[in-house]
Amino acid sequence: MDWMAWTLPTALFFASIATALAVMSVLAIKRPSTPRVGVLGIETARGDRLFLTLLGSAFINLAWIGLTDLPQTFALGICAVFAFATFRWV
Amino acid sequence: MEKTTNQRAWFLVLPVLILVAFSSIIPMMTVVNYSFQDSFGGNEFFWVGLEWYRELLRSERLWDALGRQLMFSSIILLIEIPLGILVALAMPKKGWLASLCLVLIALPLLIPYNVVGMIWQVFARSDIGLLGRVVTDLGFSYNYTQDAVDAWVTVVAMDVWHWTSLVSLLCYAGVRSIPSAYYQAAEIDQASRWSVFRFIELPKMRGVLIIAVLLRFMDSFMIYTEPFVLTGGGPGNATTFLSIDLVKMALGQFDLGPAAAFSLMYFLVILLVSYVFYTVMIASDKAEAGQ
Amino acid sequence: MTKRPLPSLIMLAYLLFLLLPIYWLVIMSFKPNSEILGAFTLWPQDFTLGNYRTILTDPSWYMGFVNSFIYVAMNTVISLCVALPAAYAFSRYRFMGDNHLFFWLLTNRMAPPAVFALPFFQLYSSVNLFDTHIAVALAHCLFNVPLAVWILEGFMRGVPREIDETAFIDGYSFPRFFTRIFIPMIGPGIGVAAFFCFMFSWVELLLSRTLTSVDAKPITAIMTRTVSASGLDWGVLAAAGVLTIIPGAIVIYFVRGYIAKGFALGRV
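An unreviewed UniProt entry lists chain C under the name Sugar ABC transporter permease, from Erythrobacter longus. If you open the UniProt record of chain C and go to Subcellular location (unreviewed entry), you find "Cell membrane". Of chain C, the UniProt comment under Sequence similarities (unreviewed entry) reads exactly: "Belongs to the binding-protein-dependent transport system permease family."

Looking at an unreviewed UniProt entry, one finds chain B named ABC transporter permease, with Erythrobacter longus as its source organism. The record held by UniProt for chain B lists under Sequence similarities (unreviewed entry) the comment "Belongs to the binding-protein-dependent transport system permease family." Among the UniProt annotations of chain B, the heading Subcellular location (unreviewed entry) holds the following wording: "Cell membrane".

Asks: Tell me about the interface of chain B and chain A, and please be specific about residues and values.
Replies: Taken together, the contact pairs 23 residues of chain B with 23 residues of chain A. Buried surface at the junction of chain B and chain A, both sides included, amounts to about 2,100 Å², of which 74% is carbon and sulfur. Three residues, Asn33(B), Arg58(B) and Tyr275(B), lead the burial of chain B against chain A; their summed loss comes to 27% of the area buried on that side. In this assembly, chain B and chain A are joined by one salt bridge.

Asks: So what's going on with the UniProt feature "domain: ABC transmembrane type-1" (unreviewed entry) in chain B? Residues and values would help.
Replies: Under the UniProt annotation, "domain: ABC transmembrane type-1" (unreviewed entry) lies at residues 66-277 of chain B. From the first C-alpha to the last, residues 66-277 of chain B spans 20 Å; its make-up is 76% helix and 0% strand.

Asks: Describe the pattern of salt bridges, and please don't skip the residues or the numbers.
Replies: Summed over the entire model, instances satisfying the criterion amount to 12 salt bridges over all chains. Salt-bridge contacts for Arg58(B) lead to Asp69(A); the nearest nitrogen and oxygen are separated by 3.0 Å. In this pair, Arg58(B) sits in the loop between helix H2 (51-57) and helix H3 (60-90) while Asp69(A) sits in the loop between helix H2 (46-67) and helix H3 (72-89), so the two residues belong to two different chains. Residue Glu165(C) is joined to Arg161(C) by a salt bridge in which the shortest nitrogen-to-oxygen separation is 3.3 Å. You can see Glu165(C) and its partner Arg161(C) sitting in helix H8 (residues 161-169), four residues apart, about one turn around the helix. Judged by relative accessible area, which is 37%, Glu165(C) ranks as partly exposed. Using a relative accessible area of 12% as the deciding quantity, one classes Arg161(C) as buried. Sharing partners across several salt bridges, the network here consists of Glu80(B), Asp159(B) and Arg216(B).

Asks: Explain the interface of chain B and chain C to me, and be specific about the residues and the numbers.
Replies: Interfaces are often sized by the amount of accessible area the parts lose when they come together. Between chain B and chain C, the residue contacts involve 103 residues of the former and 99 residues of the latter. Across the chain B to chain C interface the summed buried area is about 9,000 Å²; carbon plus sulfur atoms make up 79%. Broken down residue by residue, the surface that chain B buries against chain C is led by Leu12(B), Leu110(B) and Tyr278(B), which jointly contribute 8%. For the interface between chain B and chain C, the tally reads one salt bridge. Of the charged contacts, one joins Asp219(B) and Arg109(C) as a salt bridge, the two residues approaching to 3.4 Å between their closest N and O atoms. In this structure, the connection of chain B to chain C is made through 17 residue pairs in polar contact (both at pLDDT 80 or more). Here the side of chain B that touches chain C gets 20 residues from one element, more than from any other, and that element is helix H1 (residues 9-35) of chain B. Broken down by class, the residue content of the side of chain B that touches chain C amounts to 76 nonpolar, 18 polar and nine charged. As defined by bridge partners, strand E1 (residues 4-5) of chain B adjoins strand E1 (residues 93-94) of chain C across two bridges and the pair is classed as parallel. From the neighbouring strand, Thr5(B) faces E1(C), where its bridge partner is Arg94(C).

Asks: Requested: an account of the environment of Gly97(C), with residues and values cited.
Replies: By the secondary structure assignment, Gly97(C) is in the loop between E1 and helix H5 (98-110). It is 20 Å that separates the C-alpha atoms of Gly97(C) and Met110(C), two residues lying 13 residues apart in sequence.

Asks: Kindly report on the packing of helix H3 (residues 50-57) of chain C against helix H13 (residues 234-252) of chain C, identifying the contributing residues and their values.
Replies: Residue and element names in this part refer to chain C. In the contact formed by H3 and H13, the axes pass within 8 Å of each other and the chain directions differ by 70°. Classed by the angle they form, the pair H3 and H13 counts as roughly perpendicular. Taken together, the residues of H13 that come into contact with H3 (itself represented by Asn51, Tyr52, Thr54 and Ile55) are Gly235, Val236, Ala239, Ala240, Val242 and Leu243. Its residues placed into classes, the contact of H3 with H13 shows seven nonpolar, three polar and no charged.

Procedures and definitions
Residues numbered from 1 in each chain as written. Chains lettered and ligands numbered in written order. Predicted model: local features only at pLDDT ≥ 70, side-chain atom pairs only at ≥ 80, totals over all residues. Heavy atoms only, no water. UniProt positions renumbered as here; feature names shortened; annotations may be inferred. Contact = heavy atoms within 4.5 Å. Buried area = accessible area lost by both parts, 1.4 Å probe. Salt bridge = Lys/Arg side-chain N within 4 Å of Asp/Glu carboxyl O. Helix = DSSP H or I, 4+ residues; strand = E, 2+ residues; numbered from the N terminus. Buried < 20%, exposed > 50% of the residue type's maximum accessible area, 1.4 Å probe, protein only. Polar contact = N/O pair within 3.5 Å; in protein donor to acceptor, adjacent residues only side chain to side chain. Nonpolar A, V, L, I, M, F, W, Y, C, P; charged D, E, K, R; others polar. Pairing = 2+ DSSP bridges. Axes fitted to C-alpha atoms, helices over the stretch in contact; angles between N-to-C directions. Parallel < 35°, antiparallel > 145°, perpendicular 65-115°, else oblique.

Structural data, given as structure tokens:
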């Protein structure tokens with residue numbers, strides 16, 4: 001495993017993604033979500049919205065790095081808003 | 001066809017999951033790990049945080065390669081899609097001639113990518129190649145290893161040569177599914193060739209065209225071998241597309257950190273486009289099933 | 001419809017455009033180097049089979065073909081074995097996360113090999129598989145397994161469910177039904193999937209070149225290394241190129257009706 005060059009932050013990052021997937025699976029069993037059509041005009045279920053949130057957050061963070069010198073925490077704030085919006089309206 | 005719900009189907013998918021996890025998830029995790037670190041001799045790592053991302057996103061290298069890549073993908077789509085449709089409509093519909101045409105036009109698709117590059121490397125040389133020789137004899141100055149425009153023309157011609165057949169084959173499959181009654185009706189109405197195309201053939205090709213556009217876009221977006229063999233990314237950096245630049249960085253210079261950051265951003269773009277692809281395809285499948 | 005000359009003309013022009021470069025490669029492989037470099041001839045004046053002789057007698061050339069065949073065959077077998085049950089599951093059942101899994105497989109088909117070249121190199125070096133055939137075969141599974149799953153799923157969707165149900169009512173167990181009844185029924189589909197796995201593995205260069213150095217070096221890598229060396233032997237290179245086209249050209253006739261389906265991941 002040495003060659004993979006693990007670090008604590010990246011390990012935590014993957015652990016949190018794995019947790020999110022696990023929570024999603026449990027939720028899917030306990031309370032199956034019915035797909036709905038949101039503002040994008042496509043049918044999404046809970047899992048699709050999680051995927052869109054994660055993908056969008058990645059791009060928000062990259063844009064923040066590229067465009068500003070401000071701390072990355074602000075970008076995370078935007079991501080939180082984005083996540084809320086995605087789960088609410090998409 | 002109605003599918004039944006059966007969670008045990010997971011066991012049937014498990015082998016694929018394990019295999020693809022080994023060849024996709026583990027490497028992707030490694031890429032994420034590397035992208036936040038600086039490496040020393042390839043085995044000692046130091047945490048540098050977002051440094052590589054900041055450096056790459058503000059360097060011209062990445063944006064130039066992306067610009068060239070997008071330009072290349074748009075050019076080849078603009079040429080290959082109309083040409084592919086034209087060829088598909090011109091194909092004989094039945095008989096041994098149809099089989100022969102199918103086999104012949106599929107031929108470029110089966111040639112190893114580096115051989116495609118080599119064929120054009122030779123074919124376009126002005127000393128020993130047929131094309132280069134003819135163009136030079138006609139009085140044009142043409143040298144794809146020296147002149148950036150010539151290099152672009154050659155790379156585009158090569159891609160058109162290599163992949164237009166794919167568009168044709170897909171469209172041909174779409175055209176062939178049109179019942180001949182449609183054509184007879186059009187003939188009775190004395191419809192022009194254009195309106196036959198516009199109102200009968202084009203709608204039938206919609207589904208396959210979506211697939212053709214997206215496949216051609218994705219495959220041209222990751223093109224590596226053919227231009228690498230033909231021009232090596234040159235002259236200068238004129239034909240250095242994303243994959244060529246990335247391989248240069250990753251395997252040529254063995255800059256693990258920046259290459260990993262580059263890879264990750266590249267992959268995110270692919271992920272986004274794939275998602276659009278998948279969504280559009282599912283929607284089009286549904287629309288067709290609903291008809 | 002009345003016969004119009006325009007379509008035939010377009011077709012003829014296009015075929016000419018496709019075949020000229022290939023023609024040039026083929027005649028070059030029959031010319032000695034002196035003729036390739038010295039005289040500009042449309043037809044080999046000094047016809048020779050020497051280039052092919054060089055390849056078929058020099059182990060550093062023909063072992064490239066052997067290596068390529070070994071890992072391509074391994075890859076095709078592995079891909080089909082894991083893809084068959086998975087494709088069946090996708091075509092017949094609804095289960096948790098099925099759409100997401102299907103999409104995830106697609107992203108692997110679409111992922112640029114350049115992204116994976118470096119981590120694969122590190123991965124296979126760390127498990128001591130660098131420069132082995134199995135390493136290349138496994139690496140090519142990255143795009144071939146999704147491809148096989150998608151193609152096979154496309155074929156399996158065309159088989160009516162009633163067949164499965166009747167077999168289960170008749171007391172067939174799942175493995176017996178799958179191997180005795182279902183697999184023979186989708187024979188053409190398996191053939192097409194195998195052909196495309198074979199082909200995409202055969203034509204790929206970047207990963208196979210990155211993961212090999214001597215023992216498992218494929219013919220495609222040998223060819224590019226010869227290109228980068230000085231003093232090109234164009235004739236031999238052209239002959240090697242012609243030989244790499246032959247396997248595909250032989251098989252293509254048998255799958256001609258399915259080429260579009262294969263490339264479109266079974267969606268046509």
